[in-house]
Amino acid sequence: SGAVDWARIRADFPLLTRQVHGKPLVYLDSANTGQKPAAVIEAVDDFYRQHNANVSRAVHALGSEATEAYEGARRKLARFLNVRSDELVLCSGTTFAINLVAYSWALPRLQPGDAIVLTRMEHHANIVPWQLVAERTGAVLKVANLDERGDLDLEHLYSLLTPEVKLLAFTHVSNVLGTVNPVREICRQARKRGITTLVDGSQAAPHLALDVAALGCDFYALTGHKMAGPTGTGVLWARPEHLKAMPPFLGGGEMIREVSFEGTVFNDAPHKFEAGTPNIAGFVGLGAAVDYLGAIGMDNIAAREQALLDYATAALEKVPGVRIFGKAREKAAVISFLVEGAHAHDLATLLDLEGVAVRSGHHCAHPLMHHFGVPATCRASFAFYNTFEEIDVFVAALGKVRNLLA
Ligand code: PMP
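Residues numbered from 1 in each chain as written. Predicted model: local features only at pLDDT ≥ 70, side-chain atom pairs only at ≥ 80, totals over all residues.

Chemist: It is not clear to me how the overall build of the chain should be interpreted in this structure. Could you clarify?
Modeler: Looking only at helices and strands, the chain has 14 helices and 17 strands in total. A compact globule built from 406 residues should have a C-alpha radius of gyration of about 22 Å, and the chain, at 22 Å, falls within 12% of that. Taken over the C-alpha atoms alone, the chain extends approximately 70 × 55 × 35 Å along its principal axes. (Helix = DSSP H or I, 4+ residues; strand = E, 2+ residues; numbered from the N terminus. Rg over C-alpha atoms; globule rule 2.2 N^0.38 Å.)

Below you can see the structure in the form of structure tokens.
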């Protein structure tokens, strides 16, 4: 990553020049949502100033410009993920993408006696939809354990993959521990047993070079706002045979070919899953975001973030009383931690007064908190636009805060 001018990259992010509480902002909450480069903000602005119209409905010039911009974003996303663009359903985010699979793929298929396997490190977005499906179908949920480091217990996971299991849904990267799961190998094991796989890619897409086609999963879900794109954008990739077989989830305009009161002929996938006016400007922004990330290079981004993670981990380990949660073999740039004798929210509140933004709470992962026996943690998460100096500020602030609380 020596070739990338990271100071110039950072200058692309207008918000990062802000102050909070009279201190320069140190934004360490990118796992929650990422900041946006000017290129993304300007793409959204330009769409509304120059091209705004609805997609697919109008023959006038703006209508085709808007349609081209929206479909162009789909093609950019497809290239970024190394899949075909007609295999990508554009939606509002990972939560929607997983619910689409839950309602459209799982609900019609699952029966009493069937099982869904999850892991203990899932975000609520990859737990609650399956609980709702289980309740309505009579299927049961089974949960794979983690070890002390925060890696999946693969032996336990594979032991759960018995013939009644119809779906294995698991995260690519943990939003709390940073654990990077061996997706290819897990999908291979599931596929051997005829089990369909869904991977939650929310925390992987912003940090890793992705080749979704090579992962061997059936469904891959991700959210745009964590990867430099606007909120309210997301993608579901699915194998074409699933998209073909799945009935529509929401009905409305855009998703039909012909409607009469006798019946409706649906559009082909992915359009049959995109009812109503989509977040056109949002996807224009997300298209600009993947252009931006692609120009830096995801391998450069991954290397930069790994260097920030290593630096921050070493510095935090020197602060007395700090406990770090999650030491996975392969880890993304996320550090969950606590300080002995201090509550997570108090830590985060005092860090905020120093200008340092970290998240505190359960991170939408109650079962994982139970695994570690704590109600909440603080989480510092890093992106390529963060600096080593910011980590120094964070660690110094934590030392100061610790003296106040401990
Ligand atoms: N899964 C994981 C692992 C996440 O980190 C998040 C976002 N915190 C989600 C799912 C949900 O994403 P969204 O809220 O954008 O739908």
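Read on, since the account is not over.
Chemist: When you look at the packing of helix α11 (residues 298-317) against helix α14 (residues 388-405) in this model, what are you seeing that I'm missing?
Modeler: Axes are the key here: two packed helices are described by the angle between their axes and the distance separating the axes. Contact pair α11 / α14: the axes reach a minimum separation of 10 Å and the direction vectors enclose 25°. When the axes of α11 and α14 are compared, the pair comes out roughly parallel. Here the hand of the crossing between α11 and α14 comes out right-handed. Across from Leu 308, Tyr 311, Ala 312, Ala 315 and Leu 316 in α11, the residues of α14 making contact are Phe 388, Ile 391 and Val 395. Of the residues belonging to the contact of α11 with α14, the class tally is 8 nonpolar, no polar and no charged. (Axes fitted to C-alpha atoms, helices over the stretch in contact; angles between N-to-C directions. Parallel < 35°, antiparallel > 145°, perpendicular 65-115°, else oblique. Left-handed = near helix turned anticlockwise from the far one by under 90°. Contact = placed C-beta atoms within 7 Å. Nonpolar A, V, L, I, M, F, W, Y, C, P; charged D, E, K, R; others polar.)

Chemist: Explain the nonpolar core to me, please; I cannot follow it from the model alone.
Modeler: Grouped together as the largest cluster of nonpolar side chains are 126 residues, with contacts concentrated most on Phe 219, Leu 236, Trp 237 and Val 284. When near neighbours in sequence (up to four residues on either side) are disregarded, Leu 236 contacts Val 89, Cys 91, Ala 97, Leu 100, Val 101, Phe 219 and Ala 221. (Core = buried A, V, L, I, M, F, W, Y, C linked by C-beta atoms within 7 Å. Buried ≥ 20, exposed ≤ 12 C-beta atoms within 10 Å, placed from the backbone.)

Chemist: Please clarify how the sheet that holds strand β16 (residues 359-361) should be interpreted in this entry.
Modeler: Hydrogen bonds along the backbone pair up the strands of a sheet, which may run parallel or antiparallel. Pairing is antiparallel across the open sheet formed by 4 strands, whose spatial order is β13-β14-β17-β16. Among the strands making up the open sheet, the edge pair consists of β13 (322-325) and β16. Averaged over all adjacent pairs, the angle separating strand axes in this sheet is 30°, with direction ignored. As defined by bridge partners, β13 adjoins strand β14 (residues 334-339) across 4 bridges and the pair is classed as antiparallel. Bridge pairing in β14 places Val 322 opposite Val 339. Against the sheet, helix α12 (residues 344-353) engages β14, β16 and β17 (377-381), with an angle of about 160° to β16. (Pairing = 2+ DSSP bridges.)

Chemist: What is the right way to look at the sheet that holds strand β7 (residues 165-171) in this model?
Modeler: The strand order across the open sheet built from 7 strands is β4-β10-β9-β8-β7-β5-β6, with neighbouring strands paired in mixed fashion. What marks the edges here is a single partner per strand, and that holds for β4 (88-91) and β6 (140-144). Going across the sheet, the axis of each strand differs from the next one's by a mean of 20°, ignoring polarity. Bridge count for β4 against strand β10 (residues 234-238) is 4 bridges, and the pairing is antiparallel. Note on β10: the bridge partner recorded for Leu 88 is Trp 237. Sitting on the sheet, helix α4 (residues 94-109) is in contact with β4, β7, β8 (196-200), β9 (219-223) and β10, with an inclination near 35° to β10.

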